[in-house]
Amino acid sequence: DVSREQLAQAKTQMQQSSGTVARLEHQLAQARDTSKQYAQLVLDQLELEMLFKTNATELTAAGQKRVARLADFLVANPQLEVRLDGYADPRGEDSYNQQLSLGRVSHVARMLMDFGVEEQRIASFSHGASGSEALSGDYDAYALERAVRINLSQSSAAGYAGRD
């Protein structure tokens, strides 16, 4: 009789535990969906840009802090990849501007790697002044073209679109 009563109690506890596990699994699935939605929202809205001084390939102290924050974000989100596009303003020879934009993008990539972002997650491209839209003599516009534009995307291996 005692064994039967203990068995009945164990079955009841097991049923209650199964119900609790099912509720927790449902809550976890909802939390994952919400997290995926927020991650996608961040990716959709996040486009960064690092600006440089004339003829410079190194960032200012403020720019370095921004790269450090970006690196922290990337290290915490290993499913993300980063694309770096380096640019120069239209002053100077094409070959010089190409080297300048390459130096800028290389500098940002090195900093990201120094802060722990894996090299294979970083794609770097140098464009020189090829994308310049500044009017001749518009120094404010030139300042905006001395940049490394940073775009984040989800790795194709991240699995957000797949099933768990």
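That block above? That's the structure.
I will try to describe carefully the structure that is included in this document. Predicted, not measured: the structure shown is a model, and the values here were computed from it.

**A short note on the overall build of the chain**
- From N to C terminus, the chain includes four helices and four strands.
- Listing each helix as α and each strand as β along the chain from the N terminus yields α-β-α-β-α-β-α-β.
- Across the 164 residues that make up the chain, the buried fraction comes to 29%.
- Considering only contacts in the chain between residues 6 or more positions apart, those separated by 24 or more positions represent 79%.
- Carbon and sulfur atoms make up 50% of the accessible area of the chain, which amounts to about 10900 Å² in all.

**Quick notes on the nonpolar core**
- Membership of the largest hydrophobic core comes to 21 residues, with the highest contact counts inside it found for Leu 74, Val 82, Leu 84, Val 108, Leu 112, Val 148 and Ile 150.
- The greatest single-element share of this core, amounting to five residues, is contributed by helix α3 (residues 94–114).

**Notes on α3**
- Between its first and last C-alpha, α3 extends 30 Å over 21 residues, near the 30 Å set by a 1.5 Å rise per residue.
- Residues of α3 that are buried: Asn 97, Leu 100, Ser 101, Arg 104, Val 105, His 107, Val 108, Ala 109, Met 111 and Leu 112.

**Re the environment of Leu 144**
- Tracing the chain through its elements places Leu 144 in helix α4 (residues 139–145).
- Classification of Leu 144 by relative accessible area gives partly exposed; the value is 48%.
- Along the backbone, Leu 144 and Ser 132 are 12 residues apart, and their C-alpha atoms lie at a distance of 9.7 Å.
- Setting aside chain neighbours within four positions, we find Leu 144 in contact with Glu 49, Leu 51 and Arg 149.

**Points about the packing of helix α2 (residues 61–76) against α3**
- It is the contact of α2 with α3, at a shortest axis distance of 9 Å, that shows an interaxial angle of 50 degrees. One element, α2, and the other, α3, form an angle in the oblique class. Relative to α3, the crossing made by α2 is right-handed. Touching Gln 64, Val 67, Leu 70, Ala 71 and Leu 74 of α2 are Val 108, Met 111 and Leu 112, all from α3.
- Its residues assigned to classes, the contact of α2 with α3 shows seven nonpolar, one polar and no charged.

**Here we look at the environment of Gln 98**
- Structurally, the position occupied by Gln 98 is in helix α3.
- The exposure class of Gln 98 is partly exposed, given its relative accessible area of 32%.
- For the pair formed by Gln 98 and Gly 128, sequence separation is 30 residues and the distance between their alpha carbons is 3.9 Å.

**Some details on the pattern of salt bridges**
- The full count for this structure, using the stated rule, is five salt bridges.
- With a closest N to O distance of 2.7 Å, Arg 83 and Asp 85 form a salt bridge.
- Judged by its relative accessible area of 5%, Asp 85 is buried.
- Residue Arg 146 pairs with Asp 89 through a salt bridge whose shortest N-O separation is 3.2 Å. Taken as a pair, Arg 146 in the loop between α4 and β4 (147–154) and Asp 89 in the loop between β2 (80–86) and α3 lie far apart in primary sequence, 57 residues in all. Each member of the pair Arg 146 and Asp 89 is classed as buried.
- Each of Asp 89, Arg 91 and Arg 146 takes part in one network of salt bridges that share partners.

**Considering the packing of aromatic side chains**
- Across all of its chains, the model carries one aromatic pair by this definition.
- Between Tyr 139 and Tyr 142, the ring centres sit 5.4 Å apart and the planes meet at 90 degrees, which makes this aromatic pair edge-to-face. Of this pair, Tyr 139 and Tyr 142 are both found in helix α4, three residues apart, which corresponds to roughly one turn of the helix.
- Just above the ring of Phe 125 sits the side chain of Arg 83; from NZ or CZ to the centre is 4.0 Å.

Rules and cut-offs
Residues numbered from 1 in each chain as written. Predicted model: local features only at pLDDT ≥ 70, side-chain atom pairs only at ≥ 80, totals over all residues. Heavy atoms only, no water. Helix = DSSP H or I, 4+ residues; strand = E, 2+ residues; numbered from the N terminus. Buried < 20%, exposed > 50% of the residue type's maximum accessible area, 1.4 Å probe, protein only. Contact = heavy atoms within 4.5 Å. Areas by Shrake-Rupley, 256 points an atom, 1.4 Å probe, with all protein chains shown as cover. Core = buried A, V, L, I, M, F, W, Y, C linked by side-chain atoms within 4.5 Å. Expected span 1.5 Å × (residues − 1). Axes fitted to C-alpha atoms, helices over the stretch in contact; angles between N-to-C directions. Parallel < 35°, antiparallel > 145°, perpendicular 65-115°, else oblique. Left-handed = near helix turned anticlockwise from the far one by under 90°. Nonpolar A, V, L, I, M, F, W, Y, C, P; charged D, E, K, R; others polar. Salt bridge = Lys/Arg side-chain N within 4 Å of Asp/Glu carboxyl O. Phe/Tyr/Trp six-rings, centres within 6.5 Å; stacked < 30°, edge-to-face > 60°. Lys NZ or Arg CZ within 6 Å of the ring centre and 35° of its normal.

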